[in-house]
There are 2 protein chains.
Amino acid sequence: MAKADSARFLQDLHELRRIGAFKTGVHRPTYSPQDMESRRWLMQRMEEVGLEASIDGIGNVFGRHKGAGPHLLVGSHIESQNEAGWLDGALGVVAGLALARAGLPVDVCAFADEEGHFEGGFLGSRSIIGELSDEEIDRSRNRTDGTPLRDALKAAGLEGLPRMRIDPARYRGFFEMHIEQGTQLERTGLRIGVVSGIVAIWQWRLLVEGQQDHAGGTTMAERRDAGLTAVRLLAAIDAEFPRFCGERSTWTTGRIALEPGAPSIIPGRADVLFQFRDVSMDRLREMEAGLRRLVQESNRRERCETTLISVAKATPALCDEGMMRALSAAAEALAPGAWQVMPSGAGHDAQYLAKVMPAAMLFVPSIGGVSHHWAEDTKEEDLALGIEVLVEGAARFLAGSN
Amino acid sequence: MAKADSARFLQDLHELRRIGAFKTGVHRPTYSPQDMESRRWLMQRMEEVGLEASIDGIGNVFGRHKGAGPHLLVGSHIESQNEAGWLDGALGVVAGLALARAGLPVDVCAFADEEGHFEGGFLGSRSIIGELSDEEIDRSRNRTDGTPLRDALKAAGLEGLPRMRIDPARYRGFFEMHIEQGTQLERTGLRIGVVSGIVAIWQWRLLVEGQQDHAGGTTMAERRDAGLTAVRLLAAIDAEFPRFCGERSTWTTGRIALEPGAPSIIPGRADVLFQFRDVSMDRLREMEAGLRRLVQESNRRERCETTLISVAKATPALCDEGMMRALSAAAEALAPGAWQVMPSGAGHDAQYLAKVMPAAMLFVPSIGGVSHHWAEDTKEEDLALGIEVLVEGAARFLAGSN
C-alpha cells in the first residue's frame with residue numbers, strides 16, 4: 001500500500017517556510033516576490049516528483065501526473081496573509097507533493113489568492129473551475145493598497161498567460177489538508193478532523209433609522225434612539241437564536257456603527273453587520289426565518305424601524321461521503337479514537353472544487369487555535385500523523401471507489 | 001416700569017442675521033471674518049444704547065453701563081455653529097441691547113466661542129470669570145482644522161489685547177435668554193421656560209475586553225465576544241435606569257466601536273461612550289451608583305470584563321431662586337398659564353457665570369426642536385413675548401432684590 005514519507009514531508013514544509021520568512025511565520029502576499037519565489041520552488045518540487053509543472057495566467061501552479069488515472073486532485077494555497085503563519089495553505093500544497101511521492105496518481109495545485117489580497121477572493125480556485133471572468137479580473141484591486149490586479153499580474157510576469165481549466169472528469173475527487181484554525185481538536189485532545197462540510201456564511205446588514213437629536217435637550221420619552229433599538233434587537237437575537245440554530249451554528253455581530261457617533265448626540269442611525277454560518281441549508285433557512293421574525297417583532301415594538309438587508313448567501317459545500325469514509329477509516333486505523341467528524345467554520349478552496357467534483361478536507365490541530373498570525377503552529381507529530389492519514393485515506397478511496 | 005421695545009428687538013435680530021447669512025441661518029464660526037464683523041456690529045449697537053464698548057484678548061465683546069448700579073449682566077454668544085441657526089446665542093446678546101434700551105442698568109456681553117470651535121470650550125465665559133489660563137490658550141486648537149487658537153486670535157486682530165475679568169460684586173445677577181433647542185415647550189403648547197438649572201453631564205467610557213477570533217472557526221460556547229457583552233450591558237442599563245433616575249434625567253449611548261469591526265471577526269474589544277445628565281447632584285450620584293452596580297453585575301456574569309472609566313463630571317448650575325421668582329411672576333403676568341419651570345439639557349455660558357454670581361435663564365420655544373441647523377427658528381410672537389418677559393422679570397428682580 002502507499003506509504004507516506006513523513007520525514008520528507010516535514011523537510012519540504014521547513015524548506016518552504018524559509019521563503020518570505022517572518023519571525024516564526026511567513027510574509028508571502030499574493031504575487032509578491034516572495035510569493036512568486038515560492039511558486040517557482042513548488043514547480044521545481046513538482047518536476048522532481050515526476051509531475052509536469054506549469055503556472056497559469058492567474059498564478060495557479062499546477063503539477064500534472066503523467067500516468068494513467070483514475071486521478072485525484074490535491075492542493076490548497078501557497079500565499080499567506082501578511083506576517084502570518086507557515087502552515088495555512090502551505091500544508092495542503094506540500095501534502096500534494098507527499099501523495100505524489102507516495103506513488104499515488106495525483107495532480108497537485110496551488111490555487112492563487114485564496115487569502116483574498118485582491119478583491120473577489122478565491123481567484124485561483126474560481127478561475128480553475130471556470131467561475132472567474134476577465135471582466136472581474138479587470139475590476140479587481142488589492143484590498144490594502146488598491147493596486148489593480150492586472151498590474152500585479154504583469155509585474156509578476158503572468159501577463160498574457162492563458163488561465164487553465166480543470167476537467168472534472170479526470171478526477172475521482174479533491175483532497176485538501178489544512179490546519180483547523182480553531183481549538184476544537186486541541187480542546188478535546190483529538191488529532192485528526194475529517195471535515196463534514198464547509199459552512200456557508202449568510203451575511204446580513206441591519207439598518208436602523210431613528211432621529212438624530214441633542215442628548216440633553218431631548219427627553220427619554222420623546223427620543224428615537226437608533227442605537228438603543230439596535231442594542232435591544234441584538235440582545236434579543238442573542239437570547240433567541242439558540243432555540244432554532246444548529247448544534248454547530250455560529251452567529252456573530254462584527255460591527256456596530258452609530259451615526260453620528262458623538263458622545264452628546266442621540267444616534268439617528270445604526271448600521272450593523274451580522275452573519276450566521278452553518279453547513280446545513282435547512283438550518284440556514286431556519287436561522288433566516290428566525291432573524292426575520294425578530295426584526296419584525298422589533299419593528300412592532302420599537303420606536304425606530306429596522307431594515308434587514310441580505311448582503312451575501314453562500315452555499316454550504318458538503319464533503320463527499322465516500323471520501324470521508326476512507327479518511328475516517330484511515331484515521332481510525334492510524335489514530336484510533338483520536339479523531340472526529342467536524343465542519344469547517346472557515347472558507348477554503350475546497351468549497352469551490354466541491355462544486356465540480358467530490359471533495360474532502362482533513363484537519364490537523366492548531367496550537368491555541370492561532371491562525372492569520374506568525375505564531376501559528378502545529379506539533380510535528382500531528383503534521384506527520386496528518387500526512388499518514390491522508391495518504392492512507394486517499395489510497396483507500398482510490399481502491400474502493402466505484 | 002421698564003418697557004421692552006419688541007419691534008426694535010426683532011429689527012436688531014434680523015440685522016444681525018444678515019452677517020454671515022447661510023440659507024435661513026448663519027455661518028459665523030468663532031474668529032472668522034463674519035464672526036468678527038458681527039462683533040464690530042455689536043460694539044456699534046452697544047455705543048448707540050449708551051454702553052462703553054470694548055473687545056478683549058479672547059474676543060469677548062463687552063458693553064459697560066456708564067451709570068450707577070446695582071447692575072445686571074446680560075448676554076450669551078454671538079458666533080454660530082457651522083451653517084447653523086440665527087437665534088442660538090444671538091438671541092441672548094440682542095436681548096441685552098433691548099434691556100439697555102429699556103433703561104435697565106445692564107452690562108451686555110457676548111462670550112467668545114461658547115460653541116466650542118476651539119478645544120476647551122466656553123473660552124469666553126471661562127476667561128471672564130478667571131478660569132482660563134494662558135497655557136490652555138497656548139494648547140488649544142480648532143477642532144475641525146487644527147488651527148492653533150493663538151494663530152486665530154492673531155488673524156482676528158486680538159493678539160496682545162488683555163483679557164477682561166468681571167467683578168461679580170458689581171452685579172445682582174446674570175440673565176441669559178436662549179432658544180430651548182428642544183421640543184418640550186412646543187409639545188405642551190407653552191411659550192416661556194423659566195430655567196431651574198443647567199444639567200451637568202457625567203460622561204463615561206465603557207471598555208470591554210474579550211478575545212478576538214475567527215467568526216467561523218470559534219464555537220459559540222468558547223468565544224469571548226466583547227461586542228455581545230457590551231450589547232447586553234447596554235440593554236440592562238436601558239432596562240434598569242428608570243428605577244433610579246430623576247424625572248428629567250437623560251442617559252445616552254452616543255458611540256459604540258467594536259474592534260476590529262470586520263464582518264467575520266469576533267470583536268475582541270468594545271469601546272462605548274455613555275453619558276447621563278441631571279440638574280440634581282443627588283440624582284447624578286444615584287445614577288453613578290446604579291451604573292457601577294450594573295457593570296459589576298455584568299462582570300459577575302459575562303465572559304468579558306468591562307471597565308468603567310469616568311471621562312468628565314460637571315457640576316449642575318442651579319439658577320437663582322429670586323431671579324426665577326421674578327421671571328415667573330413676569331411670565332404669569334404677560335402669558336398666564338403659558339409657561340413652566342424646566343431644566344436646560346444643554347450647556348450655556350450661564351453655567352459658568354453661575355459659579356460667581358446668581359444666574360438665570362429664560363427659554364423661548366424652538367420650532368420642531370431644531371437647533372445647530374440653519375432651519376432653526378422661533379415664531380416672531382414668541383420672540384417678542386420673550387423679551388417682554390425678560391425686561392419685566394429683570395426689572396422686578398432689581399426692584400425686589402435685597
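By the naming in an unreviewed UniProt entry, chain A is Zn-dependent hydrolase, taken from Teichococcus rhizosphaerae. According to its UniProt record, chain A has this under Subunit (unreviewed entry): "Homodimer."

**A closer look at the sheet that holds strand E13 (residues 269–278) of chain A**
What holds strands together in a sheet is hydrogen bonding between their backbones, with the strands either parallel or antiparallel. Residue and element names in this part refer to chain A. Pairing is antiparallel across the open sheet formed by four strands, whose spatial order is E11-E13-E9-E14. Pairing within the sheet leaves two strands with one partner each, and these edge strands are strand E11 (250–259) and strand E14 (305–313). Here the average twist between neighbouring strands, direction ignored, is 20 degrees. When strand E9 (residues 200–209) meets E14, the two strands line up antiparallel, connected through eight bridges. When the sheet's bridge partners are listed, Arg-205 is paired in E14 with Ile-309. With respect to the sheet, helix H9 (residues 281–301) is in contact with E9, E13 and E14, its orientation differing from that of E13 by roughly 155 degrees.

**Considerations on the UniProt feature "binding site: Zn(2+) 2" (unreviewed entry) in chain A**
All names here are of chain A. This chain's UniProt record puts "binding site: Zn(2+) 2" (unreviewed entry) on Asp-88, Glu-115 and His-372. Taking the farthest pair of C-alpha atoms as the criterion, the annotated set spanning 285 residues converges on one region, since that pair is 9.7 Å apart. Mapped onto the elements, Asp-88 comes out in the loop between strand E5 (71–76) and helix H3 (90–101). Given the relative accessible area of 6%, Asp-88 is considered buried. Engagement of the side chain of Asp-88 in a polar contact is seen with the side chain of His-178, the distance being 3.1 Å. Assignment of secondary structure puts His-372 in the loop between strand E17 (359–364) and helix H12 (380–400). Those residues in contact with His-372 that lie beyond four places of it in its chain are Gln-81, Ala-84, Asp-88, Glu-115 and Gln-181.

**Comments concerning the environment of Val311(A)**
Residue and element names in this part refer to chain A. Positionally, Val-311 belongs in strand E14. Residue classification places Val-311 among the partly exposed residues on the basis of a relative accessible area of 49%. Spatially, the C-alpha atoms of Val-311 and Ile-192 are 34 Å apart, while their sequence positions differ by 119 residues. The residues contacting Val-311, other than those within four sequence positions of it, are Gln-203, Trp-204 and Arg-205.

**So, the domain arrangement of chain A**
Residue and element names in this part refer to chain A. What the domain assignment reports for chain A is domain 1 (6–199 + 316–401) and domain 2 (201–313). The straight-line distance from the C-alpha centre of domain 1 to that of domain 2 is 37 Å. A combined buried area of about 670 Å² lies between domain 1 and domain 2, and 63% of that area is made up of carbon and sulfur atoms. Three residues, Val-199, Pro-316 and Pro-343, lead the burial of domain 1 against domain 2; their summed loss comes to 66% of the area buried on that side. Linking domain 1 with domain 2 are zero salt bridges, by the criterion used here. Along the contact surface separating domain 1 from domain 2 lie two residue pairs in polar contact (both at pLDDT 80 or more). The element contributing the most residues to the side of domain 1 that touches domain 2 is strand E16 (residues 339–344), with four residues. Looking at the side of domain 1 that touches domain 2 residue by residue, the classes come out as eight nonpolar, four polar and no charged.

**Considerations on the packing of helix H1 (residues 6–17) of chain B against helix H12 (residues 380–400) of chain B**
Helix-helix packing is described using two parameters, namely the angle between the two axes and the distance between the axes. Residue and element names in this part refer to chain B. Relative to each other, H1 and H12 sit at 120 degrees, their axes nearing to 9 Å. The two elements H1 and H12 meet at a crossing, and its hand is right-handed. Contacts from Ser-6, Phe-9, Leu-10, Leu-13 and His-14 in H1 reach Glu-380, Leu-383, Ala-384, Ile-387 and Glu-388 in H12. In terms of residue class, the contact of H1 with H12 is made up of six nonpolar, two polar and two charged.

**Considering the interface of chain A and chain B**
The interface of chain A with chain B comprises 42 residues on the first partner and 42 residues on the second. Surface buried jointly by chain A and chain B totals about 3,500 Å² across both partners, of which 56% is contributed by carbon and sulfur atoms. Seen at the junction of chain A and chain B, the total is four salt bridges. A salt bridge links Arg187(A) to Glu222(B); the nearest nitrogen and oxygen atoms lie 2.8 Å apart. Along the contact surface separating chain A from chain B lie 18 residue pairs in polar contact (both at pLDDT 80 or more). Elements with a minimum of two residues in the side of chain A that touches chain B: helix H7 (184–187), E9, helix H8 (226–240), E11, strand E12 (265–266) and E13 of chain A. Top element by residues in the side of chain A that touches chain B is E11(A). It accounts for eight residues. The residue makeup of the side of chain A that touches chain B, split by class, is 17 nonpolar, 18 polar and seven charged.

About the cut-offs
Residues numbered from 1 in each chain as written. Chains lettered and ligands numbered in written order. Predicted model: local features only at pLDDT ≥ 70, side-chain atom pairs only at ≥ 80, totals over all residues. Heavy atoms only, no water. UniProt positions renumbered as here; feature names shortened; annotations may be inferred. Pairing = 2+ DSSP bridges. Helix = DSSP H or I, 4+ residues; strand = E, 2+ residues; numbered from the N terminus. Axes fitted to C-alpha atoms, helices over the stretch in contact; angles between N-to-C directions. Contact = heavy atoms within 4.5 Å. Buried < 20%, exposed > 50% of the residue type's maximum accessible area, 1.4 Å probe, protein only. Polar contact = N/O pair within 3.5 Å; in protein donor to acceptor, adjacent residues only side chain to side chain. Domains from an automatic or database assignment. Buried area = accessible area lost by both parts, 1.4 Å probe. Salt bridge = Lys/Arg side-chain N within 4 Å of Asp/Glu carboxyl O. Nonpolar A, V, L, I, M, F, W, Y, C, P; charged D, E, K, R; others polar. Left-handed = near helix turned anticlockwise from the far one by under 90°.

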